[in-house]
Amino acid sequence: MSSPVLLFVIVGKNEPLYEAEFNKLPGSAATSDSVTRQNYFVLHSALDLVDKAAWTTNNMYLKVVDKVNQQQVSTFLTAGNIKFMLLHGGRSEDSIKNFFTDVYELYVKLSMNPFYQYDTPITSKTFDNRVRAIARRYLS
């Protein structure tokens with residue numbers, strides 16, 4: 001059975017640029033702090049594996065790069081070396097790839113905005129709302 005909480009992070013060269021949790025159950029605030037910390041730890045510990053996997057393929061979608069306790073980290077690497085990382089409990093490869101492709105299209109549109117500086121945190125509410133809509137479409 002897949003994990004109810006999905007964690008999506010866009011990582012730049014030195015810091016996370018965007019973070020979002022999907023499918024968070026209402027009333028789960030008591031355990032969410034420790035679980036959220038563990039999820040972030042799993043994602044950030046997979047960064048070295050992402051760098052290693054990037055040298056072995058020319059594909060942007062690196063698929064599952066790490067597995068920890070029935071959780072999997074799937075990664076999409078952009079041409080500018082920005083990493084899209086999704087922590088999930090075992091979703092279909094097609095839905096994850098479609099999610100990454102749509103978010104990448106959204107990220108490219110954002111990066112073409114003259115008011116957005118490359119490799120800075122993404123604070124746009126519109127971007128956040130659209131990413132969440134894409135997640136509902138492919139990951140629910």
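Model, not experiment: these values are computed from the prediction.

Visitor: Account for the nonpolar core, naming residues and giving values.
Guide: Counting residues in hydrophobic clusters, the biggest one holds 26 residues, and the most contacted among them are Phe8, Ile10, Phe22, Phe84, Phe99, Phe100 and Ile122. Elements supplying a minimum of two residues to this core: β1 (6-11), β2 (16-22), β5 (83-88), α3 (93-111) and α4 (125-139). If sequence neighbours within four positions are ignored, Ile10 has contacts with Pro16, Leu17, Tyr18, Ile82, Lys83, Phe84, Ile122 and Phe127.

Visitor: For the pairing of strand β4 (residues 71-77), give the residues involved together with the corresponding values.
Guide: Counting buried residues in β4 gives 7 out of 7 residues, a clear majority hidden from the surface. Across the two faces of β4 the burial is the same, with Gln71, Val73, Thr75 and Leu77 and Gln72, Ser74 and Phe76 all buried. Two strands pair when backbone bridges link them, and strand β3 (residues 61-68) and β4 are joined in this way by 6 bridges, in the antiparallel orientation. Within the sheet, the bridge partner assigned to Asp66 lies in β4 and is Val73. From the end of β3 to the start of β4, which pair antiparallel, there are 2 residues, and Asn69 there has a positive phi angle of about 50°. With 6 bridges connecting them, β4 and β5 associate as antiparallel partners. When the sheet's bridge partners are listed, Ser74 is paired in β5 with Leu86. From the end of β4 to the start of β5, which pair antiparallel, there are 5 residues, and Asn81 there has a positive phi angle of about 65°.

Visitor: Help me get a handle on the packing of aromatic side chains, residues and values and all.
Guide: To describe a pair of aromatic rings, you give the distance between the ring centres and the angle between the ring planes. In total, this model carries 14 aromatic pairs according to the counting rule given. Ring centres 5.2 Å apart and planes at 90° place the aromatic pair Tyr18 and Phe127 in the edge-to-face group. With Tyr18 in strand β2 and Phe127 in helix α4, this residue pair connects regions lying 109 residues apart in the sequence. By relative accessible area, which is 4% here, Phe127 ends up buried. An aromatic cluster of at least three residues, connected via ring pairs, comprises Phe8, Tyr18, Phe22, Tyr61, Phe76, Phe84, Phe99, Phe100, Tyr104, Tyr107 and Phe127.

Rules used throughout
Residues numbered from 1 in each chain as written. Predicted model: local features only at pLDDT ≥ 70, side-chain atom pairs only at ≥ 80, totals over all residues. Heavy atoms only, no water. Core = buried A, V, L, I, M, F, W, Y, C linked by side-chain atoms within 4.5 Å. Buried < 20%, exposed > 50% of the residue type's maximum accessible area, 1.4 Å probe, protein only. Helix = DSSP H or I, 4+ residues; strand = E, 2+ residues; numbered from the N terminus. Contact = heavy atoms within 4.5 Å. Pairing = 2+ DSSP bridges. Phe/Tyr/Trp six-rings, centres within 6.5 Å; stacked < 30°, edge-to-face > 60°.

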